[in-house]
Each structure stands twice: as C-alpha cells, then as structure tokens.
Amino acid sequence: MILYNITFTVSNDIEEDFVQWMKSTHIPDIFATGLFIEHKFFRLLNSPDDSVTNYSIQFFAENTRMLIEYESRFANALRHETHARYGEKAIPFRTLMESVDK
C-alpha cells in the first residue's frame, strides 16, 4: 500500500474556508479519480507557529502504478485549483510512503 500525504501550512485567516473547501470540493475531487481506496484528513496539534495551522490529508493507493497515474493525469490541474484559490496562504508539502507491514 502507498500513502500519498499532503501536509498544508495554512494561514489562520483562511483556515475555516480551507477546511470547508477541502472537505466539500478538493478531497472529493481527488478521491473521485478512482485511484485511491481511502483517505483521511487531520489537523496537526503541535504547530510551532500560532499564525498558521497545519493539516495532513492522506490518500491510500493500492500500488505505485495508481499513484503514477494520478500524477500524470490529474495532479497538476488539482494543484493549480488549490494554488489559484489560496496562493501562498496554503503551502503544501507532499510525501510518499510505502507500507512495511508485510
């Protein structure tokens, strides 16, 4: 299993809108690609900066082929939507992880 994690550093002045938009639009759009089998949305509790809040959105794919397909077909357009909406007020950091539970 592959975990595609996007951690956003979100300016507090857009936080409410960001959370709502992620739940109602962005996360469903990513999940609707059909390339992920599960997703989770978390707020990080240990932010060192009081002017921002960090959120982690996790998408689980069965294999790397699914993630490569997501990257080649959908990622750029979806990233553009987020950047167009929030600019530098929601900065993403993306990581890929592989399960070692085998």
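Residues numbered from 1 in each chain as written. Predicted model: local features only at pLDDT ≥ 70, side-chain atom pairs only at ≥ 80, totals over all residues. Heavy atoms only, no water.

Moving on, we come to the side chain of Ser-56. Position of Ser-56 relative to the elements: it lies in strand S3 (residues 52-61). On the basis of relative accessible area, Ser-56 is assigned to the buried category, the value being 7%. At 2.6 Å, the side chain of Ser-56 forms a polar contact with the side chain of Asn-5. The residues touching Ser-56, leaving out its near neighbours within four places in the chain, are Asn-5, Ile-6, Thr-7, Lys-40, Phe-41, Phe-42 and Leu-44. (Helix = DSSP H or I, 4+ residues; strand = E, 2+ residues; numbered from the N terminus. Buried < 20%, exposed > 50% of the residue type's maximum accessible area, 1.4 Å probe, protein only. Polar contact = N/O pair within 3.5 Å; in protein donor to acceptor, adjacent residues only side chain to side chain. Contact = heavy atoms within 4.5 Å.)

Quick look at the nonpolar core now. If you look at the biggest cluster of nonpolar residues, it comprises 25 residues, and the most contacted ones within it are Phe-8, Phe-18, Phe-36, Phe-59 and Tyr-70. Those elements giving two or more residues to this core turn out to be strand S1 (2-11), helix H1 (15-31), S3 and helix H2 (64-86). Setting aside residues no more than four positions away along its own chain, Phe-8 makes contact with Phe-18, Met-22, Thr-53, Asn-54, Tyr-55, Ile-57, Thr-82, Ala-90, Ile-91 and Pro-92. (Core = buried A, V, L, I, M, F, W, Y, C linked by side-chain atoms within 4.5 Å.)

Under the counting rule described, the total for this entry stands at six salt bridges. When the shortest N-O distance is used, the salt bridge between Arg-85 and Asp-17 registers 3.1 Å. Taken together, the residues span a long stretch of sequence, with Arg-85 in helix H2 and Asp-17 in helix H1 at a distance of 68 residues. Arg-85 gets classed as partly exposed once you look at its relative accessible area, which sits at 41%. Its relative accessible area of 36% is what places Asp-17 among the partly exposed residues. Taking the shortest distance from any N to any O, the salt bridge between Glu-69 and Arg-65 comes out at 3.8 Å. Within this pair, Glu-69 and its partner Arg-65 are both found in helix H2, separated by four residues, close to a single helical turn. Linked through salt bridges whose partners overlap, the residues forming this network are Arg-65, Glu-69 and Arg-73. (Salt bridge = Lys/Arg side-chain N within 4 Å of Asp/Glu carboxyl O.)

The subject of this paragraph is H1. The sharpest bend along H1 measures roughly 55° and falls at Met-22. Listed in full, the buried residues belonging to H1 are Glu-15, Phe-18, Val-19, Trp-21, Met-22, His-26, Ile-27 and Ile-30. Packed against the buried residues of H1 are S1, strand S2 (38-43), S3, H2 and strand S4 (90-98). (Bend = angle between axes of the 7 residues up to and from the residue.)

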